[in-house]
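Observations on the model geometry
The chain contents come next:
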Amino acid sequence: MRRSRSQPWIWLLPSFFLLILVGIVPFFILLYLSFSDYFLLYPDIPRVFVGLKNFRTLVFDPWTYNALATTFTFVIVAVTFEMAIGLGLALLFSRPFKGITLLRTIMLIPLVIAPLVTGLIWNQMLNPDFGIITYLLHSIGLFLNSGPTIDPSTALFSIVAVDIWHWTPFVMLIILSGILALPKEPFEAAKIDGASRWQIFRNITLPLMRYPIMVAFLLRFMEAFKIFDEIWVITGGGPGDATRVVSIHTYKIAFYRWDLGYGSAIALFLEYITIILCSAFYKILQKSE
């Protein structure tokens, strides 16, 4: 029986409608609100189009710049460690040895845990009163009168540690898949020529793995830049503003001050920063090639 060319598109229509409903429509609502003056505390007052007023406020808002600096600090530290550790683990688990399948499965356990659940788990372990990690730190003389998440100097790096634990397996999985798909001939030829492991890694493995590494980096960069769940559950953006990243800052503007117009402008600003930076990284990769 001959199928019509339009039949596959008919089966894809529900997916297209869902994409429009949860992706495109909210974006245009966000775009509309970013150019409006709209407070949820006063629902009877009609929304007023204010043009670029919210974006002008954003340019001169020191709290937003502080949240942006905190976000960049988090992203740079977390993604750097995740890429380095993930690459090392991928190289380690690319070698066949007894029990490799079991170890790979164990390493992927953090990846299947939802971010919200991850935050709840680590919130209990880092609790300043009864958390197991806090207890271990107390036993070696650290944080005797506080905890790692209530000390402003260490709160952000505690979140970084949680993010590394949660997402390093994701980086490892992408890079490991790329390593296992590499052709064996260049490596065999290099060994015959007497190349060391470091020379093979630097001159063969890394050049051949640049695209999987860049994919892992871009995906982690985008996700880390908009992190919310773990920080909200563990610290709520505190203590003070120590872990107030842009996503937390946007949430508090929109749903604590009820200023949906300005909150939407910050969210749109965050989205375009992510797109611009990811495009820049991709162009750098193309030029390096």
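For the structure itself, look to the data block above.
Residues numbered from 1 in each chain as written. Predicted model: local features only at pLDDT ≥ 70, side-chain atom pairs only at ≥ 80, totals over all residues. Heavy atoms only, no water.

Focus on the overall build of the chain
Counted only if it meets this: A run of H or I in DSSP counts as a helix once it spans at least four residues, and a run of E counts as a strand once it spans at least two, with each numbered from the N terminus. Burial classes: relative accessible area under 20% of the type maximum marks a residue as buried, over 50% as exposed, and values in between as partly exposed (1.4 Å probe, protein chains only). It only takes one pair of heavy atoms within 4.5 Å for two residues to be counted as in contact. In these tables, accessible area is a Shrake-Rupley quantity obtained with a 1.4 Å probe, and a residue counts as shielded only by the protein chains included in the view. This count recognises Lys and Arg as positive and Asp and Glu as negative, with His and chain-terminal groups excluded. Where a charge lies is defined by one atom per residue type, namely NZ (Lys), CZ (Arg), CG (Asp) and CD (Glu).
Counting its secondary structure elements, the chain contains 13 helices and two strands. With the principal axes as the frame, the chain shows a C-alpha extent of 75 × 75 × 40 Å. Taken over 289 residues, the chain has a buried fraction of 38%. Look at the contacts in the chain between residues 6 or more apart in sequence, and 67% of them connect residues 24 or more apart. For the chain, the computed accessible surface area is about 17,300 Å², with 70% contributed by carbon and sulfur atoms. When the 21 positive and 17 negative side-chain charges of the chain are each reduced to one mean point, those points stand 11 Å apart.

A short note on the pattern of salt bridges
Counted only if it meets this: Any carboxyl oxygen of Asp or Glu within 4 Å of a side-chain nitrogen of Lys or Arg constitutes a salt bridge here.
The final tally for this structure, using the stated rule, is six salt bridges. With a shortest N-O distance of 2.9 Å, Asp 163 and Arg 220 are connected by a salt bridge. Here the residue Asp 163 occupies a position in helix H7 (residues 155–180), and Arg 220 occupies one in helix H10 (residues 210–225), the gap between them amounting to 57 residues. You can call Asp 163 buried: its relative accessible area is 3%. The class for Arg 220 is buried, based on a relative accessible area of 1%. With a closest N to O distance of 3.7 Å, Asp 241 and Arg 244 form a salt bridge. Relative accessible area serves as the criterion here: at 15%, Arg 244 is assigned to the buried category. Among the charged side chains, a salt-bridge network with shared partners connects Glu 82, Asp 163 and Arg 220.

Considerations on the environment of Gly 119
Position of Gly 119 among the secondary structure elements: in helix H5 (residues 115–125). A relative accessible area of 0% places Gly 119 in the buried class. C-alpha separation for the pair Gly 119 and Asp 163, spaced 44 residues apart in sequence, amounts to 9.5 Å. When sequence neighbours within four positions are dropped, the list of residues in contact with Gly 119 reads Glu 230, Val 233 and Ile 234.

Some remarks on the packing of aromatic side chains
Filter applied, for reference: A pair of Phe, Tyr and Trp rings is counted when the ring centres sit within 6.5 Å of each other, with Trp represented by its six-membered ring. The angle between the planes then sorts it: under 30 degrees is stacked, over 60 is edge-to-face, the rest tilted.
The full count for this structure, using the stated rule, is 18 aromatic pairs. Here the aromatic rings of Phe 228 and Trp 232 are separated by 5.7 Å at their centres, their planes lie at 15°, and the arrangement is stacked. The exposure class assigned to Trp 232 is partly exposed, which follows from its relative accessible area of 25%. Judged by centre distance (6.5 Å) and plane angle (85°), the rings of Phe 255 and Trp 258 are edge-to-face. Classification of Phe 255 by relative accessible area gives partly exposed; the value is 39%.

What about a nonpolar patch on the surface?
Using the following cut-off: Put simply, a patch holds well-exposed residues, over 30% relative accessible area, that have no salt bridge, with like charges counted together within 9 Å and Val, Leu, Ile, Met, Phe, Trp or Tyr side chains within 5 Å.
On the surface, a cluster of nonpolar side chains totalling about 1,200 Å² of accessible area is made up of Trp 9, Ile 10, Leu 12, Leu 13, Phe 16, Phe 17, Leu 19, Ile 20, Ile 24, Val 25, Phe 28 and Ile 29. Using a relative accessible area of 46% as the deciding quantity, one classes Ile 29 as partly exposed.

A short note on unusual backbone geometry
Peptide bonds are trans in most cases, and residues, glycine excluded, mostly fall at negative phi. Cis geometry is found at the peptide bond from Gly 238 to Pro 239, where omega equals -5°. Structurally, the position occupied by Pro 239 is in the loop between helix H11 (229–234) and helix H12 (246–255). Positive phi values are uncommon outside glycine, yet Trp 258 reaches one of about 60°. Mapped onto the secondary structure, Trp 258 falls in the loop between H12 and helix H13 (260–288). Looking at Trp 258, the relative accessible area reads 30%, which means it is partly exposed.

Overview of H10
Where we set the bar: One fewer than the residue count of a helix, multiplied by 1.5 Å, yields its expected span.
The terminal C-alpha atoms of H10, which comprises 16 residues, lie 22 Å apart, in line with the 22 Å expected from a rise of 1.5 Å per residue. Listing the buried residues of H10 in full gives Ile 213, Met 214, Ala 216, Leu 218, Arg 220, Phe 221, Ala 224 and Phe 225.

Side note on the packing of H5 against helix H6 (residues 132–139)
What counts here: Here, axes are lines fitted to C-alpha atoms. For helices the fit covers the stretch in contact, and angles between N-to-C directions go from 0 to 180 degrees. Nonpolar residues are Ala, Val, Leu, Ile, Met, Phe, Trp, Tyr, Cys and Pro. Charged residues are Asp, Glu, Lys and Arg, and all others, Gly as well, are polar.
In the contact formed by H5 and H6, the axes pass within 5 Å of each other and the chain directions differ by 35°. On the side of H5, the interface is formed by Trp 122, Gln 124 and Met 125, while H6 contributes Ile 132, Ile 133 and Thr 134. Looking at side-chain class alone, the contact of H5 with H6 contains four nonpolar, two polar and no charged residues.

So, the side chain of Lys 252
Within the element layout of this structure, Lys 252 appears in helix H12. Buried charge Lys 252 goes without a salt bridge, the closest partner of opposite sign being Asp 241 at 5.6 Å.

Section: the environment of Lys 53
Inspection of the secondary structure puts Lys 53 in helix H2 (residues 53–59). Classification of Lys 53 by relative accessible area gives partly exposed; the value is 36%. For the pair Lys 53 and Leu 40, spaced 13 residues apart in sequence, the C-alpha to C-alpha distance is 18 Å.

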